[in-house]
Amino acid sequence: MPPIESLIFKGFLLVVTLMGVLWWIHLEIKNAGIVDFGWALGLALLGALYAYLGWGYGPRRALVACMALIWGLRLAGLVLFDRVVNKPEDARYKTLREHWKSDVPLKFFLFFEMQGILDLLLALPFLFMSINVRIGILPLEWVGLGIWTVAVLGESVADFQLKRFKTNPDNKGKTCRVGLWNYSRHPNYFFEWLVWVAYFVAAVASPHGGFTLLGPTLMFYFLFKVTGIPATEAQAIKSRGDDYRNYQRTTSSFVPWFHKTPALSVEMAGKVVE
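The rules behind the values
Residues numbered from 1 in each chain as written. Predicted model: local features only at pLDDT ≥ 70, side-chain atom pairs only at ≥ 80, totals over all residues. Heavy atoms only, no water. Helix = DSSP H or I, 4+ residues; strand = E, 2+ residues; numbered from the N terminus. Buried < 20%, exposed > 50% of the residue type's maximum accessible area, 1.4 Å probe, protein only. Lys, Arg positive; Asp, Glu negative; His and termini not counted. Salt bridge = Lys/Arg side-chain N within 4 Å of Asp/Glu carboxyl O. Polar contact = N/O pair within 3.5 Å; in protein donor to acceptor, adjacent residues only side chain to side chain. Contact = heavy atoms within 4.5 Å. Core = buried A, V, L, I, M, F, W, Y, C linked by side-chain atoms within 4.5 Å. Axes fitted to C-alpha atoms, helices over the stretch in contact; angles between N-to-C directions. Parallel < 35°, antiparallel > 145°, perpendicular 65-115°, else oblique. Left-handed = near helix turned anticlockwise from the far one by under 90°. Nonpolar A, V, L, I, M, F, W, Y, C, P; charged D, E, K, R; others polar. Patch = residues over 30% accessible without salt bridge, like charges linked within 9 Å, V, L, I, M, F, W, Y side chains within 5 Å. Areas by Shrake-Rupley, 256 points an atom, 1.4 Å probe, with all protein chains shown as cover. pLDDT = per-residue confidence, 0-100. Phe/Tyr/Trp six-rings, centres within 6.5 Å; stacked < 30°, edge-to-face > 60°.

K.L.:
I keep staring at the side chain of E113 and nothing clicks. Help me out?
P.N.:
With respect to the element layout, E113 can be found in helix α5 (residues 104-122). The side chain of E113 is buried and forms no salt bridge, while R97, the nearest opposite charge, is found at 15 Å. A polar contact is formed between the side chain of E113 and the backbone nitrogen of G20, at a distance of 3.3 Å. If we skip the residues at most four places from it in the chain, E113 touches V15, V16, M19 and G20.

K.L.:
Got a minute to help me understand the nonpolar core in this structure?
P.N.:
Nonpolar side chains in soluble globular proteins tend to end up buried together. Ranked by size, the top nonpolar core spans 66 residues in total, and within it W39, W71, F112, W148 and W196 carry the most contacts. The element that contributes the greatest number of residues to this core is helix α8 (residues 187-203), accounting for 13 residues. With near-sequence residues (within four places) excluded, F112 lies in contact with M19, L22, W23, H26, A32, I34 and V35. One finds A158, C176, A236 and Y244 within the second-largest nonpolar core, a separate group that totals eight residues.

K.L.:
For this particular structure, what's the right way to read the packing of helix α7 (residues 139-167) against α8?
P.N.:
Running from amino to carboxyl end, α7 crosses α8 at an angle of 165 degrees, the nearest separation of the two axes being 8 Å. Comparing their axes, α8 and α7 come out roughly antiparallel. Crossing hand, α7 versus α8: left-handed. Looking at the contact of α7 with α8, its residues break down into 16 nonpolar, three polar and four charged.

K.L.:
Help me out: how do you make sense of the packing of helix α10 (residues 229-240) against helix α11 (residues 242-250) in this one?
P.N.:
What describes two packed helices is the angle between their axes and the distance between those same axes. Between α10 and α11, whose axes approach to 6 Å, the crossing angle comes to 135 degrees. Judged by the inter-axis angle, α10 sits oblique to α11. Each of E233, A236, I237 and R240 in α10 lies in contact with α11, whose residues at this interface are D242, D243, Y244, R245 and Q248. Of the residues in the contact of α10 with α11, the class split is three nonpolar, one polar and five charged.

K.L.:
Even after reading the chapter, I still don't get unusual backbone geometry, so can you show me in this structure?
P.N.:
Comment: phi is negative for the bulk of residues other than glycine, and the bulk of peptide bonds are trans. Backbone geometry at N86 places phi at a positive 55 degrees, although glycine is not the residue there. Structurally, the position occupied by N86 is in the loop between α3 (58-84) and α4 (91-100). For N86, a relative accessible area of 77% puts it in the exposed group. Phi angles above zero are rare outside glycine, and K101 is one such case at about 65 degrees. Along the chain, K101 falls in the loop between α4 and α5.

K.L.:
I keep staring at a nonpolar patch on the surface and nothing clicks. Help me out?
P.N.:
Nonpolar side chains collect at one region of the surface, where F9, F12 and L13 lie side by side and expose about 280 Å² of accessible area between them. You can see F9 is positioned in helix α1 (residues 4-29).

K.L.:
When you look at the side chain of N31 in this model, what are you seeing that I'm missing?
P.N.:
With respect to the helices, strands and loops of the structure, N31 is situated in the loop between α1 and α2 (34-53). Owing to a relative accessible area of 2%, N31 belongs among the buried residues under this scheme. Here the side chain of N31 touches R83 through a polar contact of 3.4 Å, landing on its backbone oxygen.

K.L.:
Would you explain the confidence of the model for the chain in this entry?
P.N.:
Reading fine detail from the predicted coordinates is not recommended where pLDDT is low. For the chain, mean pLDDT is 91; residues scoring 70 or higher make up 95% of the total. Scored below 50 in pLDDT, residues 264-274 makes two contacts in the model with residues more than four places away or belonging to other chains.

K.L.:
Looking at this structure, I do not really get the packing of aromatic side chains. What am I missing?
P.N.:
Two measures describe an aromatic ring pair: the distance that separates the ring centres and the angle between the ring planes. Taken as a whole and judged by the stated rule, the model has 22 aromatic pairs. Measuring from ring centre to ring centre gives 5.1 Å for W23 and F109, while their planes differ by 80 degrees; the resulting arrangement is edge-to-face. Placement of the pair is W23 in helix α1 and F109 in helix α5, with a sequence separation of 86 residues. Plain terms: the ring middles of W193 and F220 are 6.1 Å apart, the flat faces sit at 65 degrees to each other, and that makes the pair edge-to-face. Here W193 is found in helix α8, whereas its partner F220 is found in helix α9 (residues 214-225), with 27 residues between them in sequence. By relative accessible area, W193 is classed as partly exposed at 21%. Cluster of aromatic residues (ring-pair linked, three or more members): F190, F191, W193, F220, F224 and F254.

If you want it as structure tokens, here you go:
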């Protein structure tokens, strides 16, 4: 049985090579959004690599490979064709270019590689499940698979509803309130986070599985504090103004839920009293 460090090292070589190649491609196409494609693809490939090289129970390793590949390849394909191929660079990366000013290619290289290192941390559930030698699929793994199924379906539906809304020219400048987007301002982010909850639940029964709590914790932090909700909503307010502000006042920011009743202004409250 090879040491776990050898698996991690092979995973490290995989993601740094992948991100290095994508960094070079981004120089040619002038679109750093390809890093998001690489982030999702890297996780899919890590899951497949660990499942292939791991020494754990065979059906469990097959489960790991399927979960990682189905989720990761779907998201990678969506990002590639929706945000990269024949698309302008995302505003987030334009802002980074303006902020960095000097040595921009080098800084983007480091940025790309850091996404690869993040993949290594997030792929811990795949690693630990792939070396778990216990026979049989455990109850928590079945629960994790159930949560994962709901999460992947929910994220897929949310992405489909948003894409269909955006492709209708009559909706230009409007806020999507269709389907799941009527109950959450970011249902895609919510179900994305739920995927990592599923991986944690499935992996917690494996050796060292408690460490996989890092996945949903990091994802929650990034979504709420870094590149997720703050950046997305700032851009939405910039492009849609009061329409989006009204959406914010009535619609849950994350978990799909019933509409909130917007607070009445002082002037409107006075008219109601009259």
